[in-house]
Amino acid sequence: MPYRKFEEYNIEVTNDVKDKFKSIIADLGEDSSREGLLKTPERAAKAMQFLTSGYEIDAAEILNGAMFKEDYNDMVIVKNIELYSLCEHHMLPFFGKAHIAYIPNGHIVGLSKLPRIVNVFARRLQVQERLTHDILECINNTLKPKGVAVVIEASHMCMMMRGVQKQNSTTTTSGFRGEFERQETRTEFLKLISSDLR
Ligand SMILES: Nc1nc2c(ncn2[C@@H]2O[C@H](COP(=O)(O)OP(=O)(O)OP(=O)(O)O)[C@@H](O)[C@H]2O)c(=O)[nH]1
Ligand SMILES: [Zn+2]
């Protein structure tokens with residue numbers, strides 16, 4: 001079942017995580033029985049299930065389901081794909097934009113499937129570097145294009161709300177395969193997305 005409806009939470013997981021959140025709230029010094037917090041453990045349990053729902057979805061299956069034979073051999077770019085993920089170190093959000101390009105090799109892919117696989121890999125406990133490579137390798141191995149490129153720019157809440165507390169720093173990660181390993185192709189791609197880079 002590739003497209004699980006996110007309203008369909010696993011009841012056992014919800015109950016289990018709910019109990020744990022209740023005890024975390026108490027450990028943090030709050031009164032988990034006060035009115036405003038009564039439903040919070042359950043809401044948090046559902047929110048965390050949604051934010052990690054990517055584990056249950058096969059990204060390759062999403063791409064495989066929408067590949068079309070087409071004789072188009074130029075660059076295809078989908079840019080400014082917003083993403084929200086959780087850093088695996090603090091389980092705090094990092095968020096930003098992904099820019100994806102590929103050069104078809106006989107097949108194109110349904111455009112919406114690229115943001116869909118970004119969601120699949122982002123809704124896991126991640127580091128930005130692995131997220132970038134997960135997306136890159138999935139497209140490379142499934143679509144087998146002549147080349148693929150992924151750039152992600154993101155802000156990490158663990159560096160903003162806590163820790164080093166830097167509000168304006170952003171992190172850029174990138175990966176290039178096939179024709180994008182050539183300077184000329186990579187430069188063309190970077191030029192086409194440059195107005196969207198911070
Ligand atoms: N490379 C990488 N590091 C990340 C990512 N998200 C968070 N981090 C970093 O993970 C590191 C964890 O370092 P630790 O020293 O174990 O944790 P910490 O004591 O909370 O570190 P500070 O954040 O510096 O307070 C921190 O430097 C974070 O900035 C990511 O996506 N990629
Ligand atoms: Zn972090």
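With an unreviewed UniProt entry as reference, the chain is termed GTP cyclohydrolase 1, source organism Gangjinia marincola. We quote the UniProt Subunit (unreviewed entry) comment for the chain here in full: "Homopolymer."

Undergrad: So what's going on with the packing of helix H4 (residues 113–122) against helix H5 (residues 128–143)? Which residues, and what values?
TA: The description of two helices packed together rests on the angle between their axes and the distance between the axes. Running from amino to carboxyl end, H4 crosses H5 at an angle of 135°, the nearest separation of the two axes being 10 Å. Put simply, H4 runs oblique to H5. Along this stretch, H4 crosses H5, giving a crossing that reads as right-handed. Facing Leu114, Ile117, Val118, Phe121 and Ala122 of H4, the residues of H5 in contact are Leu131, Asp134, Ile135, Cys138 and Ile139. Tallied by class, the residues present in the contact of H4 with H5 amount to nine nonpolar, no polar and one charged.

Undergrad: Which residues make up the coordination of the zinc ion (ligand 2), and what are the values?
TA: Protein-derived coordination of the zinc ion (ligand 2) comes from Cys87 (SG), His90 (ND1) and Cys158 (SG), at a distance range of 2.1 to 2.3 Å. Each donor residue of the zinc ion (ligand 2) belongs to the same chain, and together they define the spacing C-x2-H-x67-C. Of this pair, cysteine 87 sits in strand S2 (residues 76–87) while cysteine 158 sits in helix H6 (residues 157–160), placing them 71 residues apart in sequence. Note on accessibility: cysteine 87 and cysteine 158 belong to one class, buried.

Undergrad: Which residues make up the domain arrangement of the chain, and what values go with them?
TA: Partitioning the chain into structural domains gives domain 1 (6–51) and domain 2 (66–196). Using only C-alpha atoms to locate each centre, domain 1 and domain 2 end up separated by 32 Å. In this assembly, four residues from domain 1 lie in contact with five residues from domain 2. Taken together, both faces of the contact between domain 1 and domain 2 bury some 360 Å²; the carbon and sulfur share is 70%. Viewed at the interface, domain 2 and domain 1 are joined by zero salt bridges. Summed over the shared surface of domain 1 and domain 2, the number is zero residue pairs in polar contact (both at pLDDT 80 or more).

Undergrad: Break down the UniProt feature "domain: GTP cyclohydrolase I" (unreviewed entry) in the chain for me, citing the residues and quoting the values.
TA: Residues annotated by UniProt as "domain: GTP cyclohydrolase I" (unreviewed entry) correspond here to residues 18–193. As a span, residues 18–193 carries 39% helix and 28% strand, and end to end its C-alpha atoms are 43 Å apart.

Undergrad: A description of the UniProt feature "binding site: Zn(2+)" (unreviewed entry) in the chain should follow, citing residues and the corresponding values.
TA: Cross-referencing UniProt, the feature "binding site: Zn(2+)" (unreviewed entry) maps to Cys87, His90 and Cys158 in the present numbering. The greatest C-alpha distance among the annotated residues, which extend across 72 residues, is 8.0 Å, indicating that they converge on a single site. Excluding anything up to four places from it in sequence, cysteine 87 contacts Leu92, Phe94, Gln126 and Cys158. Sequence-distant contacts of cysteine 158, that is, excluding residues within four places in its chain, are made with Cys87, His90, Leu92, Pro93 and Gly163.

Undergrad: I'd like a description of helix H2 (residues 40–51), backed by residues and values.
TA: Taking 1.5 Å as the rise per residue, H2 with twelve residues should run 16 Å; its terminal C-alpha atoms sit 16 Å apart, in good agreement. Three or more residues of H2 are buried, namely Pro41, Ala45 and Gln49. Projected down its long axis, H2 shows its buried positions confined to an angular sector of 75°, all on one face. On its buried face, H2 sits against helix H1 (11–27).

Undergrad: With reference to specific residues and values, describe the packing of aromatic side chains.
TA: A full pass over the atoms with the stated rule returns three aromatic pairs. Relative to phenylalanine 95, the ring of tyrosine 84 has its centre 6.2 Å away and its plane inclined at 20°; by these criteria the two rings are stacked. Placement of tyrosine 84 in strand S2 and of phenylalanine 95 in strand S3 (residues 93–103) is noted, with a sequence separation of eleven residues between them. Measuring from centroid to centroid gives 5.7 Å for phenylalanine 180 and phenylalanine 189, while their planes differ by 80°, and the two rings are edge-to-face. Three or more aromatic residues joined by ring pairs form one cluster here, namely Phe176, Phe180 and Phe189. Here arginine 186 stacks its cationic end above the ring of phenylalanine 176, 4.1 Å away from the centre of that ring.

Cut-offs applied
Residues numbered from 1 in each chain as written. Chains lettered and ligands numbered in written order. Predicted model: local features only at pLDDT ≥ 70, side-chain atom pairs only at ≥ 80, totals over all residues. Heavy atoms only, no water. UniProt positions renumbered as here; feature names shortened; annotations may be inferred. Axes fitted to C-alpha atoms, helices over the stretch in contact; angles between N-to-C directions. Helix = DSSP H or I, 4+ residues; strand = E, 2+ residues; numbered from the N terminus. Parallel < 35°, antiparallel > 145°, perpendicular 65-115°, else oblique. Left-handed = near helix turned anticlockwise from the far one by under 90°. Contact = heavy atoms within 4.5 Å. Nonpolar A, V, L, I, M, F, W, Y, C, P; charged D, E, K, R; others polar. Donors = N, O, S within 2.8 Å, 3.2 Å for Na, K, Ca; no water. Buried < 20%, exposed > 50% of the residue type's maximum accessible area, 1.4 Å probe, protein only. Domains from an automatic or database assignment. Buried area = accessible area lost by both parts, 1.4 Å probe. Salt bridge = Lys/Arg side-chain N within 4 Å of Asp/Glu carboxyl O. Polar contact = N/O pair within 3.5 Å; in protein donor to acceptor, adjacent residues only side chain to side chain. Expected span 1.5 Å × (residues − 1). Arc of directions from axis to C-beta. Phe/Tyr/Trp six-rings, centres within 6.5 Å; stacked < 30°, edge-to-face > 60°. Lys NZ or Arg CZ within 6 Å of the ring centre and 35° of its normal.

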